[in-house]
Amino acid sequence: ATASNVELSTVIASGGLKGDQLDQLIEFGADIERAIASGDRPLHAAIRLNDSALVGRLIAAGADWRGTNGDGWNAIKLAKKLKFKALIPVLKGKA
């Protein structure tokens, strides 16, 4: 079984995704950089939820915080805009 067709951003944005479920989706091939129609990538979706655990898991799995969404914002810029500054060290792999 593979999860390569899973829109991880949509799954994360829906809320309720647990860290171990995210790990399983990634293990089975979900693309951690795949953007949805709005341009949001999985990191953007996790940031919008202010979920440091999911952000940390995505970073640990290799997600690139420099990837931009449809507004041209990388993950750190989005975290700053939403005033979720506690996520910035997590995004930089320092938390």
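Please refer to the structure higher up on the page.
Report on the accompanying structure. (Residues numbered from 1 in each chain as written. Predicted model: local features only at pLDDT ≥ 70, side-chain atom pairs only at ≥ 80, totals over all residues. Heavy atoms only, no water.)

1. Points about the overall build of the protein
Move 1: Helices and strands together make up the secondary structure of the protein, namely six helices and zero strands.
Move 2: When its helices and strands are written in sequence order, the protein yields α-α-α-α-α-α.
Move 3: Referenced to the eigenvectors of the C-alpha coordinate spread, the extents of the protein come out at roughly 40 × 30 × 20 Å.
Move 4: A total of 95 residues make up the protein; the buried ones form 35% of that total.
Move 5: In the protein, the share of contacts with a sequence separation of at least 24, taken over all contacts with a separation of at least 6, comes to 62%.
Move 6: As displayed, the protein offers around 5200 Å² of accessible surface, 49% of which is attributable to carbon and sulfur atoms.
Move 7: Between the centroid of the 13 positive side chains of the protein and the centroid of its 10 negative side chains there is a distance of 12 Å. (Helix = DSSP H or I, 4+ residues; strand = E, 2+ residues; numbered from the N terminus. Buried < 20%, exposed > 50% of the residue type's maximum accessible area, 1.4 Å probe, protein only. Contact = heavy atoms within 4.5 Å. Areas by Shrake-Rupley, 256 points an atom, 1.4 Å probe, with all protein chains shown as cover. Lys, Arg positive; Asp, Glu negative; His and termini not counted. Charge placed at Lys NZ, Arg CZ, Asp CG, Glu CD.)

2. Let's talk about the packing of aromatic side chains
Move 1: All told, the structure shown has zero aromatic pairs when counted by the stated rule.
Move 2: The ring of Trp65 carries Arg66 above its face, with NZ or CZ at 5.7 Å from the centroid. (Phe/Tyr/Trp six-rings, centres within 6.5 Å; stacked < 30°, edge-to-face > 60°. Lys NZ or Arg CZ within 6 Å of the ring centre and 35° of its normal.)

3. A few points about the packing of helix 2 (residues 19-27) against helix 4 (residues 52-60)
Move 1: Look at helix 2 against helix 4: their axes get within 10 Å of each other, and the N-to-C directions meet at 25°. Accordingly, the angle class assigned to the pair helix 2 and helix 4 is roughly parallel. The handedness of the crossing between helix 2 and helix 4 is right-handed. Residues Gly19, Asp20, Leu22, Asp23 and Ile26 of helix 2 lie in contact with helix 4, whose contacting residues are Leu54, Arg57 and Leu58. (Axes fitted to C-alpha atoms, helices over the stretch in contact; angles between N-to-C directions. Parallel < 35°, antiparallel > 145°, perpendicular 65-115°, else oblique. Left-handed = near helix turned anticlockwise from the far one by under 90°.)

4. Here we look at a positive patch on the surface
Move 1: Taken together, the side chains of Lys80, Lys81, Lys83, Lys85, Lys92 and Lys94 define a basic patch exposed on the protein surface.
Move 2: Examined against the element boundaries, Lys94 turns out to sit in the segment after helix 6 (87-91). (Patch = residues over 30% accessible without salt bridge, like charges linked within 9 Å, V, L, I, M, F, W, Y side chains within 5 Å. Salt bridge = Lys/Arg side-chain N within 4 Å of Asp/Glu carboxyl O.)

5. Some remarks on helix 4
Move 1: Buried within helix 4 we find Leu54, Val55, Leu58 and Ile59. One side of helix 4 carries all its buried residues, which in axial view fall inside an arc of 135°.
Move 2: Lining the buried residues of helix 4 we find helix 1 (8-13), helix 2, helix 3 (42-48) and helix 6.
Move 3: Where helix 4 starts, the residue carrying a side-chain oxygen 3.1 Å from the main-chain nitrogen of Ala53 turns out to be Asp51.
Move 4: Looking one or two places after helix 4, you find Gly62, whose phi comes out positive at around 110°. (Arc of directions from axis to C-beta. Polar contact = N/O pair within 3.5 Å; in protein donor to acceptor, adjacent residues only side chain to side chain.)

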